[in-house]
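Understanding the architecture of this molecule
Here are the chains, one letter per residue:
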Amino acid sequence: MNPTDIFRGDVLAGHVAVITGGATGICKGIARAYARLGCDVVITSRKQDALDATAAELRAESGREVLGVAADVRDPAALAQVVARAVERFGKIDTLVNGAAGNFLAPAAALSPNGFRTVVEIDLLGTFHACKAAFEPLRTAGDALILNITATLHYHGTPLQIHASAAKAGVDAVTRNLAVEWGQFGIRVNAIAPGPIDDTEGMRKLAPGEMKQKAIKAIPLRRFGTVDEIAAAAVWLRSRGAAYVNGAVIVVDGGESVTAGMFAAM
Ligand code: NAP
Ligand code: COA
């Protein structure tokens with residue numbers, strides 16, 4: 001899907017976004033849509049080669065500047081550097097997308113303390129660190145947006161994902177708290193909770209092989225979502241159309257999270 005089929009081509013003109021996890025998967029899709037719709041974009045994650053490849057690809061297809069700056073979101077100083085580079089290059093940032101995350105399937109009884117801590121540190125603390133690093137530029141930019149990429153795991157007890165469920169529950173809490181504290185500074189803080197999204201590292205790890213077909217039976221729309229469908233929600237949240245949306249978690253999951261347990265596949 002080309003986002004210009006849905007949105008006006010200049011709908012995000014004038015915006016500057018920092019996107020964590022933006023070299024791959026869902027957040028690459030958000031970076032792509034934002035760049036195509038007129039936003040300057042800085043993507044960050046740990047691997048500079050992946051960032052360079054994605055930045056070159058998005059630059060070529062959008063004609064906009066896309067910068068890749070490596071950082072581990074567990075390192076607040078590294079995130080401050082990313083924000084400083086973005087402001088130096090583009091003069092401001094008014095948008096932060098927190099998508100960096102880690103996950104794997106593990107039974108709670110076998111999960112080590114460090115395994116639990118690692119995922120919480122990337123997803124939850126990483127989100128907090130990035131929000132703190134970007135706060136001052138976002139505050140001075142005005143009309144700012146923090147968009148956290150969360151999940152629906154923690155709406156129910158999701159087996160084998162106690163670490164990610166706890167982390168994303170925390171991300172939802174951060175979303176609501178900062179919406180309340182930072183709204184007065186012109187910073188809207190929202191989240192998107194994707195359901196299972198096709199062709200992503202997340203689903204390769206969490207729904208391998210025949211698990212995918214079983215999972216689809218429990219989704220009312222009877223399919224996984226697409227990266228572009230998450231990007232479309234991210235564009236709307238950044239646009240003036242969502243100017244009064246603050247503290248919201250927008251669920252984009254084909255109805256999966258509202259199904260009723262054992263009756264889901266009927
Ligand atoms: P992905 O491609 O693996 O995206 C995660 C990104 O985070 C990668 O680019 C990774 O790059 C980066 N990252 C991981 N650890 C990092 C760290 N410590 N510091 C900086 N960057 C780090 O997976 P995805 O499936 O597209 O997931 C994207 C987001 O959507 C995540 O927040 C995930 O929880 C959420 N989500 C996904 C699904 C789904 O169906 N895929 C469903 C619900 C929610 P490096 O490894 O190079 O650092
Ligand atoms: N099952 C159980 N424990 C696991 C595991 C698995 N599949 N993978 C990692 N761990 C544990 C490790 O054993 C380690 O704990 P220990 O020290 O007690 O042995 C701990 O998690 C940290 O692992 P490490 O490999 O050092 O972490 P890392 O920081 O290099 O990588 C991960 C973080 C583990 C989340 C890695 O999967 C990653 O980089 N993921 C990013 C991409 C991703 O997950 N995308 C999907 C997003 S939904």
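The following paragraphs examine the structure supplied in this document.

Rules behind the numbers
- Residues numbered from 1 in each chain as written.
- Chains lettered and ligands numbered in written order.
- Predicted model: local features only at pLDDT ≥ 70, side-chain atom pairs only at ≥ 80, totals over all residues.
- Heavy atoms only, no water.
- Helix = DSSP H or I, 4+ residues; strand = E, 2+ residues; numbered from the N terminus.
- Buried < 20%, exposed > 50% of the residue type's maximum accessible area, 1.4 Å probe, protein only.
- Contact = heavy atoms within 4.5 Å.
- Near = heavy atom within 4 Å.
- Polar contact = N/O pair within 3.5 Å; in protein donor to acceptor, adjacent residues only side chain to side chain.
- Nonpolar A, V, L, I, M, F, W, Y, C, P; charged D, E, K, R; others polar.
- Axes fitted to C-alpha atoms, helices over the stretch in contact; angles between N-to-C directions.
- Parallel < 35°, antiparallel > 145°, perpendicular 65-115°, else oblique.
- Left-handed = near helix turned anticlockwise from the far one by under 90°.
- 1 Å grid on protein atoms, 1.4 Å probe; cavity = no way out; pocket = protein on both sides within 12 Å on 5 of 7 lines; lining within 4 Å.
- Points joined across faces, edges and corners; volume = space filled by probe spheres on them.

In this structure, A207 sits in the loop between α6 (201–206) and α7 (211–217). Judged by its relative accessible area of 11%, A207 is buried. Each C-alpha atom of the pair A207 and V227 lies 16 Å from the other, and the pair is 20 residues apart in sequence. Leaving out residues up to four positions away in the same chain, A207 has contacts with K212 and F224.

Neighbouring ligand 1 are 27 residues; T24, R46, G99, I197 and T200 lie closest to it. Contact between ligand 1 and D72: a nitrogen atom at 2.9 Å from a side-chain N or O atom of the residue. Here an oxygen atom of ligand 1 and a backbone polar atom of A101 are 3.4 Å apart. The set of elements that each furnish at least two residues to the shell around ligand 1 consists of α1 (25–36) and α6. For the shell around ligand 1, the element with the most residues is α6, which contributes three residues. Its residues placed into classes, the shell around ligand 1 shows twelve nonpolar, nine polar and six charged.

Turning next to the packing of α1 against helix α2 (residues 48–62). Look at α1 against α2: their axes get within 9 Å of each other, and the N-to-C directions meet at 30 degrees. As the angle between them shows, α1 and α2 are arranged roughly parallel. Considering the relative orientation of α1 and α2, their crossing is right-handed. Seen from α1, the contacting residues are K28, A31, R32, A35 and R36; seen from α2, they are T54, E57, L58, E61 and S62. Looking at the contact of α1 with α2, its residues break down into three nonpolar, two polar and five charged.

Here we come to the layout of surface pockets. Of the voids in this model, the second largest pocket is the one considered here, and its volume is about 170 Å³. Around the second largest pocket sit R8, V11, A13, H15, D143, R188, R238, S239, R240 and A243, which together line it.

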